[in-house]
Amino acid sequence: MTTHTSADTFPRQYARTLRYTVGAPRSFSVAPDGSRVVFLRSSSGSDRANLLWTLDTATGEERIAADPAALLGGGEEDLSPAEKARRERSREGSAGIVGYALDGAGRLAAFALSGRLFVADLVAGTATELPAEGPLLDPRPSPDGTHVAYATTSGELRLTRVDGTGDRALARPDGPNVTWGQAEFIAQEEMSRDRGHWWSPDSDLLLVERADDTPVGRWWIADPANPDREPAEIAYPAAGTADAEVGLWLFGLDGTRTEVVWDRAAFPYLARVHWSRNGVPLLLVQSRDQRVQRTLGLDVATGATEVLHEERDDVWLELFQGVPAWTPDGGLVRISDESGARSLVIGDRTVTGPDLHLRSVLAVTADEVFFTASGGAAETDPEPGWIAVGRISHDGKRLAWESANGRPFTSVTTAVHAAGVTVRATAEPDVPGTLVQVARDLPEGVVVDDVAVIASHAETPVITARPVFRFAGERRIPAAVFLPTGYDRERDGLLPVLMDPYGGPHGQRVVQAHNPHLNSQWFADQGFAVVVADGRGTPGRGPAWEKSIHHDFAGATLDDQVDALTALAGEFPLDLGRVAIRGWSYGGYLAALAVLRRPDVFHAAVAGAPVTDWRLYDTHYTERYLGHPAEVPQVYEDNSLTGYAAGLERPLMIIHGLADDNVVAAHTLRLSSALLAAGRPHTVLPLSGVTHMTPQEEVAENLLLLQVDFVRKSLGG
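Note that the coordinates shown come from a computational prediction; the quantities given were computed from them, not determined experimentally. (Residues numbered from 1 in each chain as written. Predicted model: local features only at pLDDT ≥ 70, side-chain atom pairs only at ≥ 80, totals over all residues. Heavy atoms only, no water.)

Before going further, it helps to examine the overall build of the chain. Across its full length, the chain carries 13 helices and 44 strands. Here the C-alpha atoms of the chain give a radius of gyration of 25 Å, agreeing with the 27 Å that 2.2 N^0.38 yields for 717 residues. For the chain, the spread of C-alpha atoms along the principal axes amounts to about 70 × 55 × 55 Å. Buried residues in the chain amount to 57% of all 717 residues. Sequence separation of at least 24 residues holds for 61% of the intrachain contacts in the chain that already meet a minimum separation of 6. (Helix = DSSP H or I, 4+ residues; strand = E, 2+ residues; numbered from the N terminus. Rg over C-alpha atoms; globule rule 2.2 N^0.38 Å. Buried < 20%, exposed > 50% of the residue type's maximum accessible area, 1.4 Å probe, protein only. Contact = heavy atoms within 4.5 Å.)

In structure tokens:
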């Protein structure tokens with residue numbers, strides 16, 4: 001890690017380094033022969049532009065494979081609106097090379113810079129630009145390394161040869177709102193699927209998504225600070241309204257095409273596509289209510305599909321990274337809640353039990369599956385917030401854990417594995433940053449760290465996080481408590497409390513790592529006892545825990561914040577007469593909800609980018625948890641904030657980026673209007689030109705300072 005400058009304050013450093021991610025290695029791949037590891041990393045902890053790197057697994061030597069500054073001649077990046085939107089969907093704040101794709105040998109890498117196409121020969125160490133139509137998105141080499149397929153912002157899917165010849169359109173839009181080869185908004189934002197075209201293992205076919213967002217309602221995002229600018233039009237599928245129409249086609253390289261057929265009326269969501277060398281293509285499709293999903297096998301000769309597995313759930317079905325997939329001998333790999341636990345299933349065998357909560361599949365080898373998991377049954381979990389990498393045999397009889405520190409249950413680990421090489425990234429609560437190790441399997445299956453450590457250039461934080469982990473209350477709510485550095489109970493007495501949750505689906509805050517807690521520690525160092533609690537609905541604690549919020553955001557998630565606060569006050573110096581709460585996105589919703597519904601507990605709130613009316617949020621997310629608004633209108637009334645506006649009697653600051661196209665500013669404006677109509681004073685802080693991510697350094701820094709000042713004044717401190 002690099003050191004920081006003496007002039008740095010935490011808010012400045014935290015913002016400038018994108019939460020200490022700048023300079024850290026990321027986006028790892030292992031070549032199929034195990035000879036090299038490919039990854040992205042910027043040159044320092046203050047330079048956001050990622051370079052493409054390789055590491056030789058025989059020597060441990062690192063080498064730059066592509067430098068965006070050299071390829072662009074030192075010029076500034078020029079990002080298309082479509083590329084900016086893709087980065088917003090993926091919460092990508094860095095620059096330079098932010099993604100790449102490899103050919104089947106792991107020798108050729110393709111990537112986009114400023115909407116232009118580049119390829120790097122990872123063996124020769126050369127990088128060149130290929131002639132291509134642009135601006136382009138998501139270039140992907142064929143497995144045989146002869147072609148690159150890419151999408152364009154005009155909606156085309158194009159194909160070019162790696163030798164720089166033969167660039168041509170494989171598919172052109174057949175309507176004004178049609179795109180080929182790109183993931184639609186819902187797939188990117190809610191399904192964690194960011195790609196829309198897939199090569200066949202033999203490089204002779206492409207599976208290509210066709211998306212038509214004509215049915216989707218249009219919204220306009222204006223820039224009030226610049227009234228001379230035309231509002232941006234976006235297609236936004238709000239809850240209860242139409243989604244984009246998504247289909248899938250098989251293309252030959254000569255332009256021949258075959259439509260992939262499944263019951264799209266009953267299963268409109270294309271959630272996953274998997275095409276491995278050892279099996280037929282797999283599709284995972286979902287019903288609109290996400291209570292039924294099918295794994296389909298695809299006949300590439302006809303486009304017909306066969307139902308390989310159907311799963312049903314009375315509440316909803318989650319999506320997971322890495323599945324469905326095939327084992328080399330044709331076993332279907334999936335993650336399922338059918339047993340009551342979130343388990344790994346291989347073929348017809350459930351190979352993990354209720355003591356584990358599966359989170360993703362990382363790799364499938366001839367005899368093992370690599371996966372990430374957390375604790376399952378809460379009563380047997382020794383510590384909250386651990387995430388470990390396991391490897392289990394196909395029969396479930398051999399389970400081993402990957403761990404850098406020998407303590408897989410007191411850290412957060414993820415990994416990439418191929419050809420007997422594992423790249424393992426481990427974070428611990430008492431060590432800044434993440435340790436990335438490259439390890440090689442011995443013939444007997446023992447893993448030793450015999451290759452290298454991939455260096456991190458991330459800056460060392462100017463403060464040290466000191467989380468104290470607990471299971472709080474009868475429900476054993478995962479929690480982390482932060483006290484001011486140097487706090488002395490006899491000297492300092494009880495402390496005003498700042499609850500700092502996300503508190504909703506897919507947002508785990510209590511994790512056995514250091515850097516994710518730095519923001520909370522900084523607030524604690526301003527004189528607060530900070531409490532982070534992951535109540536019902538947050539991931540990592542089993543299906544029943546997550547699904548207990550069905551139709552009930554406003555009850556379960558808020559109740560657990562109150563219960564955690566009350567329980568922790570028995571051990572920690574919490575002044576329950578001075579309690580504030582802050583949060584962003586779902587956390588902003590929860591913060592505003594807290595002062596509206598429970599002013600007896602919460603005395604001030606800062607709500608950043610809150611969802612205040614769930615009818616204004618998107619289909620796939622909102623309907624999964626709250627149902628369809630036409631079918632359960634009262635659920636939407638009960639869980640939205642505007643109906644509670646008259647109950648505000650505590651200080652509330654609402655912050656919102658006016659350029660936010662995820663949680664649009666209308667959420668804050670509608671709540672503010674309702675509060676004004678009810679005669680309830682409140683503070684609104686609009687952020688001109690700011691999206692949901694608030695990546696601007698000065699904005700991010702000053703937001704922290706303004707929140708501290710507001711909370712102090714509101715609590716009388």
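This part covers the environment of Glu-245. Here Glu-245 shows up in strand β19 (residues 245–252). For Glu-245, a relative accessible area of 41% corresponds to the partly exposed category. Separated by 337 residues in sequence, Glu-245 and Arg-582 have C-alpha atoms that sit 38 Å apart. In this structure Glu-245 touches Arg-210, Ala-211, Asp-212, Pro-215 and Arg-264, once residues within four positions along its chain are discounted.

Moving on to the sheet that holds strand β23 (residues 292–298). Taken in spatial order, the 4 strands of this open sheet run β21-β22-β23-β24, and their pairing is antiparallel. Of all strands in the sheet, those with a lone pairing partner are β21 (269–274) and β24 (305–312), marking the two edges. Across the sheet, the axes of successive neighbouring strands diverge by a mean angle of 20°, strand direction being ignored. (Pairing = 2+ DSSP bridges. Axes fitted to C-alpha atoms, helices over the stretch in contact; angles between N-to-C directions.)

Applying the stated criterion across every chain yields a total of 29 aromatic pairs. Ring geometry for Phe-553 against Tyr-586: centres 5.2 Å apart, planes inclined by 90°, an arrangement best described as edge-to-face. Of the two residues, Phe-553 is situated in helix α8 (residues 553–568) and Tyr-586 in helix α9 (residues 586–597); the sequence distance between them amounts to 33 residues. Neither Phe-553 nor Tyr-586 differs from the other in exposure class; each is buried. Here a set of aromatic residues connected by ring pairs shows up, and it is made of Trp-316, Tyr-502, Phe-553, Tyr-586, Tyr-589, Trp-614, Tyr-617, Tyr-621 and Tyr-625. In this structure, Arg-476 is placed above the aromatic ring of Phe-471, and the distance from its NZ or CZ to the ring centre is 4.1 Å. (Phe/Tyr/Trp six-rings, centres within 6.5 Å; stacked < 30°, edge-to-face > 60°. Lys NZ or Arg CZ within 6 Å of the ring centre and 35° of its normal.)

Bringing the side chain of His-603 into the picture now. Among the structural elements, His-603 can be located in the loop between α9 and β42 (604–608). Classification of His-603 as buried rests on a relative accessible area of 12%. Every residue in contact with His-603, bar those within four places of it in the chain, is listed here: Leu-576, Gly-577, Arg-578, Val-579, Arg-650, Pro-651 and Leu-715.

With 5 bridges connecting them, strand β43 (residues 652–657) and strand β44 (residues 683–687) associate as parallel partners. Bridging across to β44, Gly-657 finds its partner in Leu-687. Where the polypeptide runs from β43 across helix α12 (residues 666–677) and back to β44, its parallel neighbour, the crossover connection is right-handed. (Right-handed = clockwise from strand over helix to strand, strands pointing away.)

Another point: the pattern of salt bridges. For the coordinates displayed, the defined rule picks out 43 salt bridges. The partner of Asp-560 in a salt bridge is Arg-536, with the nearest N and O atoms 3.0 Å apart. Here Asp-560 is found in helix α8, whereas its partner Arg-536 is found in the loop between β40 (529–533) and α7 (543–547), with 24 residues between them in sequence. Here Asp-560 and Arg-536 have matching classes, each one buried. A cluster of three or more residues bridged by salt bridges with shared partners is formed by Asp-313, Asp-337, Arg-342, Glu-546 and Lys-547. (Salt bridge = Lys/Arg side-chain N within 4 Å of Asp/Glu carboxyl O.)

Burial within helix α10 (residues 619–626) is extensive, with 8 of its 8 residues counted as buried. Where α10 is concerned, the buried positions are Thr-619, His-620, Tyr-621, Thr-622, Glu-623, Arg-624, Tyr-625 and Leu-626. The inward-facing, buried residues of α10 contact α4 (185–190), β21, β22 (282–286), α8, α9 and α11 (633–639). Capping the start of α10 is the job of one residue whose side-chain oxygen sits 3.5 Å from the backbone nitrogen of His-620: Asp-618. (Polar contact = N/O pair within 3.5 Å; in protein donor to acceptor, adjacent residues only side chain to side chain.)

Across all of its chains, the model carries 3 cavities of 30 Å³ or more by this definition. In this model, the largest cavity occupies a volume close to 150 Å³. At the level of elements, β23, β24 and β26 (332–336) are the ones that each hand at least two residues to the lining of the largest cavity. Of the residues contributing to the lining of the largest cavity, the split by class is 6 nonpolar, 4 polar and 6 charged. Together, 16 residues line the second largest cavity, and Gly-385, Pro-478, Gln-508, Gly-540 and Arg-541 are the ones closest to its centre. Residue composition of the lining of the second largest cavity, by class: 6 nonpolar, 6 polar and 4 charged. (1 Å grid on protein atoms, 1.4 Å probe; cavity = no way out; pocket = protein on both sides within 12 Å on 5 of 7 lines; lining within 4 Å. Points joined across faces, edges and corners; volume = space filled by probe spheres on them. Nonpolar A, V, L, I, M, F, W, Y, C, P; charged D, E, K, R; others polar.)

This part takes up α12. Working note: α-helix, 3.6 residues per turn, so residues spaced by three or four point in the same direction. Taking 1.5 Å per residue as the helical rise, α12 with its 12 residues ought to reach 16 Å, and the 16 Å between its terminal C-alpha atoms agrees with that figure. Taken together, the buried positions of α12 are His-667, Thr-668, Leu-671, Ser-672 and Leu-675. Buried residues of α12, seen end-on, are gathered within an arc of 125° and therefore sit on one face of the element. Within α12, the exposed residues directed more than 90 degrees away from the buried face are Leu-669, Leu-676 and Ala-677. The inward-facing, buried residues of α12 contact α9, β43 and β44. Immediately downstream of α12, the backbone of Gly-679 shows phi near 70°, a positive value. (Expected span 1.5 Å × (residues − 1). Arc of directions from axis to C-beta.)

Another aspect to go through is the packing of helix α6 (residues 518–525) against helix α13 (residues 697–714). Between α6 and α13, the least distance of the axes is 11 Å, while the angle of their chain directions is 40°. When the axes of α6 and α13 are compared, the pair comes out oblique. Crossing of α6 over α13 shows right-handed handedness. Seen from α6, the contacting residues are Asn-519, Trp-522 and Phe-523; seen from α13, they are Leu-704, Leu-705, Gln-707 and Val-708. Of the residues contributing to the contact of α6 with α13, the split by class is 5 nonpolar, 2 polar and no charged. (Parallel < 35°, antiparallel > 145°, perpendicular 65-115°, else oblique. Left-handed = near helix turned anticlockwise from the far one by under 90°.)

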